[in-house]
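# Descriptive analysis of the structure
Take a look at the letters that make up each chain.
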Amino acid sequence: MSAVILPTAHIMSSAENKVENSSTEEEERGKKRKMSLSSCGVCGSEEAKYRCPACLTHSCSLPCVKKHKEVSGCSGVRNKTAFVTLSQFDEMALLSDYRFLEDTGRFADGATRDNLVQAPRVTVKSKKLASNARKMNITLRFLPITFSKSRENSTFFLTKEKLFLWHLKLIFPQSSSEFTQRRVSDKQTLKQILTSYIHPTESDPVTRQKLKMYVQARFDHVKVFMKVEGRKANSVRYHELDIEKSLRDNLSYKTLIEYPVLHVVLKDHWKDYPLKGPAKNDKVGQEKETATQVSPSPQRSPTTGETNISRTAQEMEPPPQKKAKRGDEEQEEGEITDSSDEDDKNIPCD
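Residues numbered from 1 in each chain as written. Predicted model: local features only at pLDDT ≥ 70, side-chain atom pairs only at ≥ 80, totals over all residues. Heavy atoms only, no water.

What counts here: UniProt positions are given in the numbering used here, feature names are shortened, and annotations may be inferred rather than shown by experiment.
Naming follows an unreviewed UniProt entry, where the chain appears as Box C/D snoRNA protein 1 of Pundamilia nyererei. You can read under Subunit (unreviewed entry) in the UniProt record for the chain the words "Interacts with FBL, SNU13, NOP58, NUFIP1, RUVBL1, RUVBL2 and TAF9. Interacts (via HIT-type zinc finger) with the RUVBL1/RUVBL2 complex in the presence of ADP."

As structure tokens, this is what we get:
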């Protein structure tokens, strides 16, 4: 076989064409780059390489990016829901919207798979506790399990003994201290419960040091209050509990949310805990208030001879008032009505 020998001139011309094409491409790229990017908007001396997604400010380096965020307060995060005119809507804007919808669907799907969202509001345990509390004239309500107060509640009921073991929180406001006690028997008196906290000799030494103001005070200078549930935030009231009575007796005919929270207050601060006043009962069979009217003496008509009674007395007579219904009570100011209370009364106890 004979080798094909190309002329030297042809080889040189092809090489020159390649060099010229590459140079022209580089020039075009340089022109496009200079047209698309301007100088740095922070320092102004270097060619810009980056653009802020939020405010579209050009920058050349990482120090300039950080300086831009510090000076302008820009977050650097693109606003995914910003309005884009139809003339500026391009493929990048379409892709951005598509990814935004994908992220939204992903978050929605993750929320439906969350165990806390799918969990029921009332569990079997809470139903049992509420039913047994209702038998003791205690209204027990529960929060959703996502609340921290619901998760920390350790209240338990012993069916055979018919005994509540309460999760109890004690607040000592004059010492800025809070204590949580688990499985407290409802047969214990409040004095027995407070003995382990504020007794001069029988209390815990560490606790006694924290509650020095309470330890120095006498028991008759200490009162226990519990917040009245179901009231407005600007009308807070409290129940005054009897220290000598048991926890069950003190909680009777009261409403609890999850577990009892007791405020132990010294004598000088009792006025800061206003008590709930008794409901104002409507008087059954209230008598009508009638004003005694002095009517003029009957006059005889000169023509007919009949007696004409003046109408002024009838016009001055007040209209009859409707009698109040039996058993109705006026709502105390600041109290929030709860229709579920009436429903609980109609539910038969187990």
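### Things to note about the overall build of the chain
To keep it simple, the criterion reads: Only DSSP runs of H or I with at least four residues qualify as helices, and only runs of E with at least two residues qualify as strands; both kinds are numbered from the N terminus onward. The buried label goes to any residue with under 20% of its type's maximum accessible area, the exposed label to any with over 50%, and the partly exposed label to all in between, with areas taken from a 1.4 Å probe on protein chains only. Any pair of residues with heavy atoms lying within 4.5 Å of one another is described as a contacting pair. Computed with a 1.4 Å probe, the accessible areas rest on the Shrake-Rupley method; for each residue, only the protein chains presented here act as cover.
The secondary structure content of the chain amounts to 12 helices and 12 strands. Residues counted as buried form 25% of the 350 residues belonging to the chain. Taking as baseline every contact in the chain between residues at least 6 positions apart, the subset at least 24 positions apart corresponds to 55%. On the chain, roughly 26200 Å² of surface is accessible, and the fraction owed to carbon and sulfur atoms is 52%.

### Here we look at the pairing of strand β5 (residues 163-172)
Selection criterion: A pair of strands is treated as paired once DSSP finds two or more bridges between them.
Most of β5 sits inside the fold, with 10 of its 10 residues counted as buried. Alternating residues of β5 divide into Leu163, Leu165, His167, Lys169 and Ile171 and Phe164, Trp166, Leu168, Leu170 and Phe172, and every residue in both groups is buried. As paired strands, strand β4 (residues 156-158) and β5 are joined by three bridges and run antiparallel to one another. Residue Phe157 lies in a different strand from β5, and its bridge partner there is Phe164. The turn linking β4 back onto β5 is made up of four residues, and Lys162 within it adopts a positive phi angle of 50°. Where β5 and strand β6 (residues 177-185) come together, seven bridges link them in antiparallel fashion.

### Some words on the pattern of salt bridges
Basically, it comes down to this: By definition here, a salt bridge exists when the distance from a side-chain nitrogen of Lys or Arg to a carboxyl oxygen of Asp or Glu is within 4 Å.
Inspection of every chain in the model, using the stated rule, returns six salt bridges. Between Glu240 and Lys223 there is a salt bridge, with its nearest N and O atoms 3.1 Å apart. Here the residue Glu240 occupies a position in strand β8 (residues 238-241), and Lys223 occupies one in strand β7 (residues 222-227), the gap between them amounting to 17 residues. Take Lys223: its relative accessible area is 24%, and that puts it in the partly exposed class. Among the charged side chains, a network of salt bridges with common partners joins Lys80, Asp103 and Arg106.

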